[in-house]
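Given next are the chains, with one letter for each unit.
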Amino acid sequence: MRTPRAAGARIVQRLHRQKYGPFCLHTSLDGPVPDATGREELVVKNPANGEEVATIVCANQEDVENAVFSAHEVFKAGIWSRAPASQRAGVLSNLARDLEERVPDLAKIETLQTGRAIREMKAQLGRLPEWLDYYAALLRTHGSFVAPTQGPLLNYVQRVPLGVVAQITPFNHPLLIAVKKIAPALAAGNSVIVKPSELAPMSVLEFAEMAISAGVPQGVLQVLPGYGRTVGKMLVSDPTVRKVDITAGTETGRAIGRIVGQNLASYTAELGGKAPIVVFDDADPQSAANGAAFACFIASGQTCVSGTRLIVHDKIYDEFMALFMKKVESVTNRMGSPMNPRSTMGTVISLRQLERIEALVQRGVGKILTGGKRMTGTSALDGYDFSRGAFFPPTVIADVPTEDDLWREEIFGPVVVVTRFSSEREGVELANACKYGLGAGIWTQDLSRAHRVSAEIEAGLVWVNTHHRNDPSSPWGGMKESGIGRENGVEAFEAYSQSKSTIINIAPVEETRTVQDWFAEEDDTEKRYG
């Protein structure tokens with residue numbers, strides 16, 4: 001039976017209380033916050049003004065151990081793991097409807113903790129119910145199958161859940177990436193423990209409470225806030241955890257992969273990216289300029305598939321760049337308070353990240369066409385004081401060699417480097433001149449070229465005449481150093497489950513008595529088992 005949903009105003013009340021703790025078995029965000037004595041605490045700050053938004057009581061070792069133990073116990077009990085597919089689908093559908101109602105309030109939380117523009121967060125969160133609905137539908141339609149095994153045998157193959165799974169989620173899309181991981185994991189019947197980013201954990205904690213209200217049994221979804229070096233490491237190191245799914249930087253992915261490998265657990269890792277955008281000479285210049293600006297500067301450039309390397313054909317370069325720079329100027333001039341619905345772009349996640357971006361830009365080789373330094377002064381849009389927060393403008397840099405860090409390394413900010421190419425082969429080579437292979441974009445009106453170049457670009461996602469398009473049915477993941485495994489689609493659902501083959505002898509008893517007698521005195525083994 002579903003418990004009543006919380007009213008949206010409770011989110012605001014909870015923020016005023018400014019205290020969150022681990023969302024574990026037998027606890028609730030409405031209940032008492034754990035005693036912070038001897039525990040680490042972290043403070044979530046609004047990157048737009050530096051003000052404290054909430055205090056988070058971090059999980060400790062006992063919390064991690066208890067969460068894994070209780071998750072395993074509830075998994076073995078079968079309350080969720082062996083519940084009928086239709087029942088789990090119904091709960092996911094309930095949760096989707098609840099999430100639809102809570103989007104406006106959750107968007108405010110996302111903007112408060114990330115500094116991203118409210119217009120982005122409302123649009124992004126508005127699509128999240130699709131992931132829950134998709135996996136609910138998949139549960140209702142994804143069937144077992146009978147394998148064509150030889151002999152008088154019936155061999156049916158089912159998908160069964162893995163057990164306790166751990167998920168490590170980042171700050172850039174706090175709830176989007178969490179839901180992308182949680183939805184298939186719950187659909188498959190697992191017990192899920194999430195360690196959200198210490199910079200933006202609030203929306204994931206809220207979502208866990210919503211899941212319980214929608215009908216997810218206690219202990220099936222738990223959230224352990226804290227730092228990766230402590231809580232995250234303890235969680236992924238537990239041998240009871242049978243799968244780890246992370247979105248993080250490549251070095252973090254390698255470190256966690258070594259731990260997961262020792263436990264012989266499954267592993268999915270969506271890691272770094274340095275997406276190229278290849279603009280061919282037959283592309284519509286205005287469409288390409290608009291699309292490139294979206295690719296480069298949405299989320300302040302803080303996505304793994306952000307367009308960060310703009311590769312433009314010689315014949316269209318000048319026309320394209322004039323239009324692109326005009327669009328960049330427009331985006332910059334309309335920046336303001338992230339809570340302003342008219343503001344085009346928000347902050348980066350923190351002053352520390354801003355300083356890192358600025359340092360990379362200043363020491364890089366190339367010509368800075370616009371941006372490159374922290375924003376100060378006041379907004380022309382709404383008078384907002386940029387010096388209060390981590391505002392970094394859209395930045396465009398030309399003439400960057402492929403050996404420079406600006407070309408090679410993930411900056412994770414609104415910074416794009418621009419270069420020219422003259423032939424299709426050169427364009428592809430420049431696109432692939434990178435250790436990452438997550439996303440890429442192509443702009444062309446030539447259908448044959450679109451298919452040909454898409455096939456040659458080394459990336460798990462290639463967009464043609466668009467960018468950042470995502471759907472719950474579309475596999476999402478990278479090649480090369482951008483990770484292993486895939487989110488979304490049937491692949492993600494099956495990655496959160498394992499096949500179980502049941503083989504039944506359906507021969508008559510008389511035949512079985514003869515055929516199964518391996519040690520019969522008459523030696524006709526080859527006839528029996530050949």
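Because the structure is a prediction, the values reported are computed rather than measured.

Description of the pairing of strand S17 (residues 439-443)
Part 1 of the reasoning: Of all five residues that make up S17, five are buried, and the element is covered over most of its length.
Part 2 of the reasoning: The side-chain alternation of S17 yields two buried faces, one formed by Gly439, Gly441 and Trp443 and the other by Ala440 and Ile442.
Part 3 of the reasoning: Bridge analysis of strand S11 (residues 275-279) against S17 gives three bridges, and the strand direction is parallel. Looking at S17, one finds that valine 278 is bridged to isoleucine 442.

Describing the pattern of salt bridges
Part 1 of the reasoning: Evaluated as defined, the whole model comprises 26 salt bridges.
Part 2 of the reasoning: The structure contains a network of salt bridges with shared partners spanning Asp281, Asp282, Glu424, Arg449 and Arg452.

Considerations on the side chain of glutamine 124
Part 1 of the reasoning: Structurally, the position occupied by glutamine 124 is in helix H4 (residues 118-126).
Part 2 of the reasoning: Look at glutamine 124 and you get buried, because its relative accessible area is 14%.
Part 3 of the reasoning: Beyond its immediate chain neighbours, meaning those up to four positions away, glutamine 124 contacts Arg116, His173 and Leu176.

So, the UniProt feature "domain: Aldehyde dehydrogenase" (unreviewed entry) in the protein
Part 1 of the reasoning: Per the UniProt record, "domain: Aldehyde dehydrogenase" (unreviewed entry) is found at residues 40-501.
Part 2 of the reasoning: Between the C-alpha atoms that bound residues 40-501 there is a distance of 46 Å. The span itself is 42% helix and 21% strand.

Regarding the domain arrangement of the protein
Part 1 of the reasoning: Along its sequence, the protein is organised into domain 1 (19-271) and domain 2 (278-477).
Part 2 of the reasoning: Its C-alpha centre places domain 1 at a distance of 30 Å from the equivalent point of domain 2.
Part 3 of the reasoning: Each partner contributes residues to the interface: domain 1 has 29 residues there, and domain 2 has 31 residues.
Part 4 of the reasoning: Carbon and sulfur atoms supply 58% of the area that domain 1 and domain 2 bury against each other, a total of about 2400 Å² over both sides.
Part 5 of the reasoning: Inspection of the domain 1/domain 2 interface yields two salt bridges.
Part 6 of the reasoning: The shortest N-O distance in the salt bridge between aspartate 471 and arginine 127 comes to 3.6 Å.
Part 7 of the reasoning: Viewed at the interface, domain 2 and domain 1 are joined by nine residue pairs in polar contact (both at pLDDT 80 or more).

Some remarks on the UniProt feature "active site" (unreviewed entry) in the protein
Part 1 of the reasoning: The feature "active site" (unreviewed entry), as annotated in UniProt, sits at Glu270 in this numbering.
Part 2 of the reasoning: Note that glutamate 270 resides in strand S10 (residues 266-270).
Part 3 of the reasoning: For glutamate 270, the residues in contact, after removing those within four places along its chain, are Ile246, Thr247, Ala248, Cys304, Leu438, Trp476 and Ser482.

Considering the sheet that holds strand S7 (residues 191-195)
Part 1 of the reasoning: Strand order in the open sheet formed by six strands is S8-S7-S6-S9-S10-S20, and the pairing between neighbours is mixed. The open sheet is flanked by strand S8 (221-223) and strand S20 (483-484), the only strands paired with a single partner.
Part 2 of the reasoning: Here strand S9 (residues 241-247) pairs with S10 via five bridges, running parallel. By the bridge assignment, valine 244 is partnered in S10 with tyrosine 267.
Part 3 of the reasoning: Against the sheet, helix H6 (residues 174-187) touches strand S6 (164-168), S7, S8 and S9, its axis set at about 170° to S6.
Part 4 of the reasoning: Packing of helix H9 (residues 250-262) onto the sheet brings it into contact with S9 and S10, and relative to S10 it is tilted by some 175°.

Let's talk about the packing of helix H2 (residues 61-77) against helix H8 (residues 228-237)
Part 1 of the reasoning: Remark: H2 packs on H8, axes separated minimally by 10 Å, with the N-to-C direction vectors making an angle of 30°. The angle between H2 and H8 places the two elements in the roughly parallel class. Pair H2 / H8 crosses with right-handed handedness. Of H8, the residues touching H2 (which contributes Gln61, Val64 and Val68) are Val231, Met234 and Leu235.
Part 2 of the reasoning: Here the residues of the contact of H2 with H8 sort into five nonpolar, one polar and no charged.

So, the environment of serine 81
Part 1 of the reasoning: Of note, serine 81 is situated in the loop between H2 and helix H3 (85-114).
Part 2 of the reasoning: Apart from the residues within four sequence positions on either side, serine 81 is in contact with Phe75, Arg88, Pro161 and Gly189.
Part 3 of the reasoning: From its side chain, serine 81 meets the backbone oxygen of phenylalanine 75 in a polar contact 2.7 Å long.

A short note on the packing of H3 against H6
Part 1 of the reasoning: The contact between H3 and H6 brings their axes to 11 Å, and the two run at 165°. By the angle class used here, H3 and H6 are roughly antiparallel. Here H3 runs over H6; the crossing is right-handed. Between H3 and H6, the contacting residues are Arg88, Leu92, Leu99, Leu106, Glu110, Gln113 and Thr114 on the first element and Pro174, Leu175, Ala183, Leu186 and Ala187 on the second.
Part 2 of the reasoning: Partitioned by chemical class, the residues of the contact of H3 with H6 number eight nonpolar, two polar and two charged.

Reading the values: rules and limits
- Residues numbered from 1 in each chain as written.
- Predicted model: local features only at pLDDT ≥ 70, side-chain atom pairs only at ≥ 80, totals over all residues.
- Heavy atoms only, no water.
- Buried < 20%, exposed > 50% of the residue type's maximum accessible area, 1.4 Å probe, protein only.
- Helix = DSSP H or I, 4+ residues; strand = E, 2+ residues; numbered from the N terminus.
- Pairing = 2+ DSSP bridges.
- Salt bridge = Lys/Arg side-chain N within 4 Å of Asp/Glu carboxyl O.
- Contact = heavy atoms within 4.5 Å.
- UniProt positions renumbered as here; feature names shortened; annotations may be inferred.
- Domains from an automatic or database assignment.
- Buried area = accessible area lost by both parts, 1.4 Å probe.
- Polar contact = N/O pair within 3.5 Å; in protein donor to acceptor, adjacent residues only side chain to side chain.
- Axes fitted to C-alpha atoms, helices over the stretch in contact; angles between N-to-C directions.
- Parallel < 35°, antiparallel > 145°, perpendicular 65-115°, else oblique.
- Left-handed = near helix turned anticlockwise from the far one by under 90°.
- Nonpolar A, V, L, I, M, F, W, Y, C, P; charged D, E, K, R; others polar.

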